[in-house]
Amino acid sequence: MDNQRAADILANVRSSNPLIHNITNLVVTNFTANGLLALGASPVMAYAKEEVADMARIAGALALNMGTLDEQVVQSMRIAGTSAAAHGVPIVFDPVGAGATPYRTETARSLVQELPVTVIRGNAAEIANVVGEDWSIKGVDAAVGSNQDVASLARKAAQALGCVTAITGKDDYVSDGKVTYRISNGTPLLTKVTGTGCLLSSVIAAFLAVEKDAVAAAVSALAYYGVAAENAVEVAGDDHPGSFQIEFLNHLHRTGGEAVRQQASIHRVE
Amino acid sequence: MDNQRAADILANVRSSNPLIHNITNLVVTNFTANGLLALGASPVMAYAKEEVADMARIAGALALNMGTLDEQVVQSMRIAGTSAAAHGVPIVFDPVGAGATPYRTETARSLVQELPVTVIRGNAAEIANVVGEDWSIKGVDAAVGSNQDVASLARKAAQALGCVTAITGKDDYVSDGKVTYRISNGTPLLTKVTGTGCLLSSVIAAFLAVEKDAVAAAVSALAYYGVAAENAVEVAGDDHPGSFQIEFLNHLHRTGGEAVRQQASIHRVE
Amino acid sequence: MDNQRAADILANVRSSNPLIHNITNLVVTNFTANGLLALGASPVMAYAKEEVADMARIAGALALNMGTLDEQVVQSMRIAGTSAAAHGVPIVFDPVGAGATPYRTETARSLVQELPVTVIRGNAAEIANVVGEDWSIKGVDAAVGSNQDVASLARKAAQALGCVTAITGKDDYVSDGKVTYRISNGTPLLTKVTGTGCLLSSVIAAFLAVEKDAVAAAVSALAYYGVAAENAVEVAGDDHPGSFQIEFLNHLHRTGGEAVRQQASIHRVE
């Protein structure tokens, strides 16, 4: 897994224009759709229990995000996930806010048990809470200052959950329980725009739609995403979160293989 | 129907500031509201079955969009549409994703049968699927490369559905089954921002609120919208979908009669 | 209550980074989250009846907004508000569109009666309709040209409702029924971007999370918000509502104590 491989997978996403079925939260629907369009994927949002099985079946990947979960949307996630699994469609699961309330923690745990999730993506607190490790969370944001070992958490979570685990933060980690990568791209401004984590989960889904090696897909998606963010903040300026949001969409569109080859910071850590 | 007429109807929208009741999808609510405000209309979103009849009654027009439909919102569309019809309020219907799943196709067909829709707006695949013509769809986007005759589809759909039909794409077509217009404004960047079709349906509603001739209202709305997009892309640049979204809102506000008179490309084709 | 005090409370918000639980409408979720992040607060949106009591309990403040109300969200507001009250968490209530339909008016009246609201914020028509005064409303916007005395309405509403009342418009008024302040910051462009009132209610919640004097919190929030808007429009330009939205987010982030001290226009009127 190196920068050239990441660039190649990005090129495959662009040439394939995969259909990504998102069941995501009310806060980020627009930003997620625009981010996927900027990347070169084809987003669709569909929530009704009457149609999610049909939509998941024809999608290149399914992204499930529980940011504003309720019983109806959880039911739709189950139906969509079951259909995706039956048709070989990869699933990304984003356990937003796991640990913040018992309802979120329990829902996240039951969904990862029931569905054959391909990649789970969250911050360290969310992933820790899904697997029962101790890690504090504030609303939907991981508490800062934790000095636990994130690489080790990613490995343990991948083993416990039986799926590739992507933990994002200052550095990002991707692990399948045996091999673990650190990706060190991005900018702190990503934490000042809502939904950048949620969109990232859908971007991983787009990479999974064209790449069967889930570790390679997730690592590539994270590197591409971080490179786009780095270049966006160069234009927007550090203290301009509004402009950053717009420039980030611009750079999700404009970031190509050359930028990924030159800027991606991908390291195998175990 | 000429450019001067389109400019006049735009001026009427601005001086009337019509209230547009939208029952639209979760992805585009914010963009739709901001687009209507930029135009000079007054948007309101109301979904609850307890109030949609009251809101539709006092609106200048009602825009129904099934982008993220479920049974509750479909029920509210029926109630709102019935109230609109009873009080002479024009209805625009946007059958987002008709053809993508059986649920969408069937819901779209039943709504156009039950409600006295004034204008239906969609891409070629959506309109074809509503009237039972063969046209492939990918998620919520029309498959490209179809070489069917869109003008003919618009005419046939208008006849079959008994309402004015607006089909948007590279060129746009508006037909009432007898007279058909082609509008050739716009930019490909409109396909890189989510909700530009949905907002357009609400913009048509705003034009219908001040203009009883539904063909003239729809043609004018499409020309205005396309002219604003052309001028927005001049500022934003071709490969900047984030900036385009913002400049498009700016130009929906700034595009006036003079720009429409000079730039609108309206042709009667039959 | 003077500019220095407003600047001090703003500094407290930034150093405390309070968690704000929002139950808000579908149109403004993204803008509200981004605005709170830009301010330096920590937003969370949670709606499910299964979790809102838990989330409200751990929040610094709770913001309830009925912009796209339905029975489920109203039920969640009741549960969240009851939990907030039991745990000393202040509540801001935004009665969006009260007066536009009977359902909105009745829901707003019952919620302010049932819950110990700390601050109610709305335009003059909404507040008047909640307390049974005559004031016309168009959709969710106050009818312009009313020449009633807004300061007097704020005072009367505060007395009738037993909570601090903030009425926003060309000038803003804050009253607890005895003391009333006028804040004269802002720009007309705020009316051309959807959700600026809704976000403001959540910003007031963030100020309440760090300041027990609800009048001081609300006055400070309004002054800060108006100053940020004034500086944003200087950059964006008067006829650029798209750019204004982005610059406003930039300035919610960049506006600090110095700008508030110099530009805030706070006057005690009774």
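Looking at an unreviewed UniProt entry, chain A carries the name Hydroxyethylthiazole kinase, with the source organism given as Paenibacillus solanacearum. Per UniProt, the comment on chain A under Catalytic activity (unreviewed entry) is "5-(2-hydroxyethyl)-4-methylthiazole + ATP = 4-methyl-5-(2-phosphooxyethyl)-thiazole + ADP + H(+)". The UniProt entry for chain A carries the following text under Sequence similarities (unreviewed entry): "Belongs to the Thz kinase family."

Chemist: I tried to follow the overall build of chain A on my own but got confused; where do I start?
Modeler: Assigned secondary structure in chain A consists of 11 helices and 11 strands. By the compact-globule yardstick of 18 Å for 270 residues, chain A fits well, its C-alpha radius of gyration being 17 Å. Over its C-alpha atoms, taken along the principal directions, chain A stretches across nearly 40 × 40 × 35 Å. Relative to its full complement of 270 residues, chain A shows a buried share of 66%. In chain A, the share of contacts with a sequence separation of at least 24, taken over all contacts with a separation of at least 6, comes to 70%. Split by element, the accessible area of chain A, about 8700 Å² in all, is 45% carbon and sulfur. In chain A, 19 side chains carry a positive charge and 27 a negative one; their mean positions are 3 Å apart.

Chemist: Can you help me understand the pairing of strand β1 (residues 19-23) of chain B in this one?
Modeler: Consecutive side chains along a regular strand alternate between the two faces of the sheet. All names here are of chain B. Counting buried residues in β1 gives five out of five residues, a clear majority hidden from the surface. Residues L19, H21 and I23 point to one face of β1 and I20 and N22 to the other, with burial holding for every one of them. Note on the crossover from β1 through helix α2 (residues 29-39) to strand β2 (residues 42-45): the handedness is right-handed. Alignment of β1 against strand β3 (residues 61-65), held across four bridges, turns out to be parallel. Pairing of I20 across the sheet is with A61, part of β3.

Chemist: Would you explain the interface of chain A and chain B in this entry?
Modeler: Many authors give the size of an interface as the accessible area that is lost as the parts come together. Counting from both sides, the interface comprises 30 residues of chain A and, opposite them, 30 residues of chain B. For the pair chain A and chain B, the two sides together bury roughly 2400 Å², of which 58% comes from carbon and sulfur. Linking chain A to chain B there are two salt bridges. Between A:R254 and B:D239 there is a salt bridge, with its nearest N and O atoms 3.4 Å apart. The set of elements that each furnish at least two residues to the side of chain A that touches chain B consists of α2 (29-39), β2 (42-45), α3 (52-58) and α10 (241-254) of chain A. Its residues assigned to classes, the side of chain A that touches chain B shows 15 nonpolar, 10 polar and five charged.

Chemist: Help me understand the interface of chain C and chain B in this model?
Modeler: Across the boundary between the two partners, chain C contributes 30 residues, which contact 30 residues of chain B. Between chain C and chain B, roughly 2400 Å² of surface is buried when both sides are summed, and carbon and sulfur atoms account for 58% of that area. A per-residue breakdown of the area chain C buries against chain B is headed by C:V27, C:K138 and C:K192, which together make up 21% of the total. Where chain C touches chain B, the interface holds two salt bridges. One salt bridge in this structure joins B:E51 and C:R104, with 2.7 Å as the shortest N-O distance. Here chain C and chain B share 11 residue pairs in polar contact (both at pLDDT 80 or more) between them. Where the side of chain C that touches chain B is concerned, the elements lending two or more residues are α4 (71-86), α5 (102-114) and α10 (241-254) of chain C.

Chemist: Would you explain the UniProt feature "binding site: ATP" (unreviewed entry) in chain A in this entry?
Modeler: Residues and elements named next belong to chain A. Feature annotation in UniProt assigns "binding site: ATP" (unreviewed entry) to the following positions: R121 and T168. Spatially, the listed residues are clustered: although they cover 48 residues, their C-alpha atoms lie within 7.4 Å of one another. Tracing the chain through its elements places R121 in strand β5 (residues 119-122). In contact with R121, other than residues within four places in its own chain, are F93, D94, P95, I127, A166, T168, G197, C198, L200, S201 and I204. Engagement of the side chain of R121 in a polar contact is seen with the backbone oxygen of G197, the distance being 3.1 Å. Here T168 lies in the loop between β8 (164-167) and β9 (172-175). By relative accessible area, which is 15% here, T168 ends up buried. Among all residues touching T168, those that are not within four sequence positions of it are R121, G122, N123, A124, L200 and L222. Side-chain polar atoms of T168 contact the side chain of R121, separated by 2.6 Å.

Conventions used here
Residues numbered from 1 in each chain as written. Chains lettered and ligands numbered in written order. Predicted model: local features only at pLDDT ≥ 70, side-chain atom pairs only at ≥ 80, totals over all residues. Heavy atoms only, no water. UniProt positions renumbered as here; feature names shortened; annotations may be inferred. Helix = DSSP H or I, 4+ residues; strand = E, 2+ residues; numbered from the N terminus. Rg over C-alpha atoms; globule rule 2.2 N^0.38 Å. Buried < 20%, exposed > 50% of the residue type's maximum accessible area, 1.4 Å probe, protein only. Contact = heavy atoms within 4.5 Å. Areas by Shrake-Rupley, 256 points an atom, 1.4 Å probe, with all protein chains shown as cover. Lys, Arg positive; Asp, Glu negative; His and termini not counted. Charge placed at Lys NZ, Arg CZ, Asp CG, Glu CD. Right-handed = clockwise from strand over helix to strand, strands pointing away. Pairing = 2+ DSSP bridges. Buried area = accessible area lost by both parts, 1.4 Å probe. Salt bridge = Lys/Arg side-chain N within 4 Å of Asp/Glu carboxyl O. Nonpolar A, V, L, I, M, F, W, Y, C, P; charged D, E, K, R; others polar. Polar contact = N/O pair within 3.5 Å; in protein donor to acceptor, adjacent residues only side chain to side chain.

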